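Spelled out, the chains give:
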Amino acid sequence: MSLIKAKNLDKTFRIYQRGEGLRGYLKSFISRDFEEVNAVGDLNLEIDEGEMIGYIGANGAGKSTTVKMLTGILEPSSGKIEVDGLDPHKHRKKNAMNIGVVFGQKTQLWWDLPVRESFKLLKEVYEVSEEDYEARIDEFDEVLQLSDFWDQPVRKLSLGQKMRCELAAAFLHHPKIVYLDEPTIGLDVAVKERIRNFIKKMNEEEEITVMLTTHDIGDIEDLCDRVVVLDEGRKIYDGELDTLVNRFTSRRLVMELRDGEEFDLEMEGIKEVKREEGSVEVVFDRDEVSASDLMRKILDSYDVLDFRIREPDIESVVKKVYNEGL
Amino acid sequence: MKLTRYLSFTKVGLGEGLQYRGNAVAGIGSTVISLVLFYYVWKAIAASGELTVPFSTIIAYVALARVINNATSANIESWVGERVRKGTIVNELKKPASLKLQIYFYQIGRSAFKMMVRGVPAFIIGVIFLNVSIPGLSTGLLFIASLMLTLNLAIALSYMTAMLVFWTKVGWSLRMARTTLAGLFSGAMIPLYLIPENIRQVFYLTPFPSMVDSPISIYQGTAENVLQVFGTQIVWLIILLTAGELLWRKAKTKITVQGG
């Protein structure tokens, strides 16, 4: 049984055109032309309970729009969404009880008040009992170390501290699903690590379903087995991360040959040879030749001093997907 | 709807005001300045000899109008406007609480703060310097009841115009329009009994007199029919709340959230 089901989801916005310069502004002030922009088109998505999925795509691909529809904030132009049996837009409040949401660039904390006040409000709004609240905050404190700045006004917190609060806020009321829209944006490595550990813990211990949009490949590698790639509002990939990587990258063999030796091997499966000072990089297709066969052949004919296989780097995969599509 | 859930928004609204001591000081300062200003303007008008009502009555009305205006001013247009413009309204919309009630209860907290730092000082100055009499118990209680209705009217009106932000995307211009109209028509600037009869009748067709003139007429005992004053306030409250709700329902399907 899928916890989240979206069928033929479509969202079209009207974007009003503005003319150029003062004259153009005046003209568009009087009569406005608009263009319809299809932010999300014909999206089908099913997410099971306890899954952690990465939702990736370039800026403007429609990721946030999808999250806003799934959380019930935006009404789809057409299509159907069911989240735990509820239509999230029609039953926005009821659905909101079951979910937690972090919009990474839009803090929900009350700017001028001490951190604890924002949490007290959430405790009331989500009807979390006193004991549960205490226990929960203690538990979160261990991983996120909130007590360091618990009594400080939010405006004095660093970005990383604010984000730790946002994460805690999203998981406070034991939601079934948590949507994280760019939760690690702009954070340093240590804070990212802490936040990822926290998300992992929540998912493992409480089977909270997590949908994560991010531009940070580290997030995906660390947390998600399944990725959905969105491009211009359309889903272009939905499946295992490894499969995506294999489909998109060739393996690379980097080696160092004894002085003066020229690498001139030609063999099926070798796609490219790059010669750099002191090393040779061989790009090969794993479907045509295995790494061991290639290695054997090379060792037979050349005097190799050192070698390594370079692992595919997911960032470059994603870049490729963004730039070229599938 | 569980009250405690929404009262936490009131606490936040009140707490925000109390965070800055400077805020409170500035509130008291601006109250004093505006009262001094009003005093001299009306004194000058009185000196011209055109007034049919004694100066002392007028200045008491003007002082009470400041008290009411200060204590009940709401600015939901800017609150919603900023959130719509920056897209942070998603944080209100993701909560299991109605947007309307979040705004309402938050605004009550803000108003409680304003009542303390801007309403009460204006009242004290009015009593000491501006001929505002201390009312009897029953008049006092009736005035407070009417003031509470005014508070709700102010919130309902500001909420209604704030809903237009979903179309205009900007809050301040809507607020300017509302406060300008309200300032003139409500009695906040000029005591309504000084307005020529036929024009005044037009004013009374709007909700604005219910927001300043009505509680003052109860306070000063000039209301001919107290029940009618309350009745009118309640009718306008119902009308404004309904209009706000209808606009919200229309806005809801139009919401676009700005930014990624």
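Participant: So what's going on with the sheet that holds strand S10 (residues 251-257) of chain A? Residues and values would help.
Facilitator: Residues and elements named next belong to chain A. Taken in spatial order, the four strands make up an open sheet running S11-S12-S10-S13, and their pairing is antiparallel. Since the sheet does not close on itself, it has two edges, and those belong to strand S11 (270-276) and strand S13 (304-310), each with one partner. Within this sheet the neighbouring strands show an average axis-to-axis angle of 20°, counted without direction. Sheet topology places S10 next to strand S12 (residues 279-284); five bridges connect them, and they run antiparallel. When the sheet's bridge partners are listed, Val254 is paired in S12 with Glu281.

Participant: Just give me the short version of the interface of chain B and chain A, but keep the residues and values in it.
Facilitator: Facing the 34 residues of chain B at the interface are 29 residues of chain A. Overall, the association of chain B and chain A removes approximately 2,900 Å² of surface from exposure, summing both partners, and the carbon and sulfur fraction of that is 61%. If you sort the residues of chain B by the area they bury against chain A, Lys94(B), Lys95(B) and Pro96(B) come out on top, with a joint share of 23%. When the shortest N-O distance is used, the salt bridge between Glu127(A) and Lys2(B) registers 3.6 Å. Counting across the interface, chain B meets chain A through eight residue pairs in polar contact (both at pLDDT 80 or more). For the side of chain B that touches chain A, the leading source of residues is helix H1 (residues 3-19) of chain B, giving eight residues.

Participant: Tell me about empty space enclosed by the protein, and please be specific about residues and values.
Facilitator: Applying the stated rule across the entire model yields two cavities of 30 Å³ or more. The computed volume of the second largest cavity comes to approximately 40 Å³. Every residue along the wall of the second largest cavity is listed here: Gly100(A), Val101(A), Gln108(A), Leu122(A), Tyr126(A), Ala169(A), Ala170(A), His173(A) and Lys94(B). Mapped onto the lining of the second largest cavity, the elements with two or more residues apiece are strand S5 (99-103) and helix H6 (159-171) of chain A. Looking at the lining of the second largest cavity, its residues break down into five nonpolar, three polar and one charged.

Participant: Would you mind going over helix H2 (residues 63-70) of chain A in detail, with residue names and values included?
Facilitator: Residues and elements named next belong to chain A. For H2, a buried count of eight out of eight residues is recorded, marking the element as mostly surrounded by other parts of the structure. If you check which residues of H2 are buried, you get Lys63, Ser64, Thr65, Thr66, Val67, Lys68, Met69 and Leu70. Count one or two residues on from H2 and you reach Gly72, which has phi positive near 90°.

Participant: Explain the side chain of Ser214(B) to me, using residue names and the numbers behind them.
Facilitator: Secondary-structure assignment places Ser214(B) in helix H11 (residues 213-219). Ser214(B) gets classed as buried once you look at its relative accessible area, which sits at 9%.

Participant: Residue-level account of the domain arrangement of chain A, with values.
Facilitator: All names here are of chain A. Domains assigned within chain A are domain 1 (2-245) and domain 2 (250-324). Spacing between the C-alpha centres of domain 1 and domain 2 amounts to 40 Å. Every contact between the two is made by 12 residues of domain 1 and, on the other side, seven residues of domain 2. Summing both sides of the interface, domain 1 and domain 2 together bury roughly 840 Å²; the carbon and sulfur share of this comes to 81%. Three residues stand out in domain 1 for area buried against domain 2, namely Ile217, Leu244 and Val245, and they jointly supply 51% of the buried area on that side. Inspection of the domain 1/domain 2 interface yields zero salt bridges. Seen at the junction of domain 1 and domain 2, the total is zero residue pairs in polar contact (both at pLDDT 80 or more). Contributing elements (two or more residues each) for the side of domain 1 that touches domain 2: helix H8 (217-223), strand S8 (226-231) and helix H9 (241-248).

Participant: Go over the packing of aromatic side chains with me, naming the residues and quoting the values.
Facilitator: Counted under the stated rule, the structure contains 17 aromatic pairs over all chains. Through successive ring pairs, a cluster of aromatic residues spans Tyr6(B), Phe9(B), Tyr104(B) and Phe105(B). When the ring centre of Tyr133(A) is taken as reference, the NZ or CZ atom of Lys123(A) above it lies at 5.9 Å. Over the ring of Trp79(B) we find Arg83(B); its NZ or CZ atom is 3.7 Å from the centre of that ring.

Cut-offs used in this document
- Residues numbered from 1 in each chain as written.
- Chains lettered and ligands numbered in written order.
- Predicted model: local features only at pLDDT ≥ 70, side-chain atom pairs only at ≥ 80, totals over all residues.
- Heavy atoms only, no water.
- Pairing = 2+ DSSP bridges.
- Helix = DSSP H or I, 4+ residues; strand = E, 2+ residues; numbered from the N terminus.
- Axes fitted to C-alpha atoms, helices over the stretch in contact; angles between N-to-C directions.
- Contact = heavy atoms within 4.5 Å.
- Buried area = accessible area lost by both parts, 1.4 Å probe.
- Salt bridge = Lys/Arg side-chain N within 4 Å of Asp/Glu carboxyl O.
- Polar contact = N/O pair within 3.5 Å; in protein donor to acceptor, adjacent residues only side chain to side chain.
- 1 Å grid on protein atoms, 1.4 Å probe; cavity = no way out; pocket = protein on both sides within 12 Å on 5 of 7 lines; lining within 4 Å.
- Points joined across faces, edges and corners; volume = space filled by probe spheres on them.
- Nonpolar A, V, L, I, M, F, W, Y, C, P; charged D, E, K, R; others polar.
- Buried < 20%, exposed > 50% of the residue type's maximum accessible area, 1.4 Å probe, protein only.
- Domains from an automatic or database assignment.
- Phe/Tyr/Trp six-rings, centres within 6.5 Å; stacked < 30°, edge-to-face > 60°.
- Lys NZ or Arg CZ within 6 Å of the ring centre and 35° of its normal.

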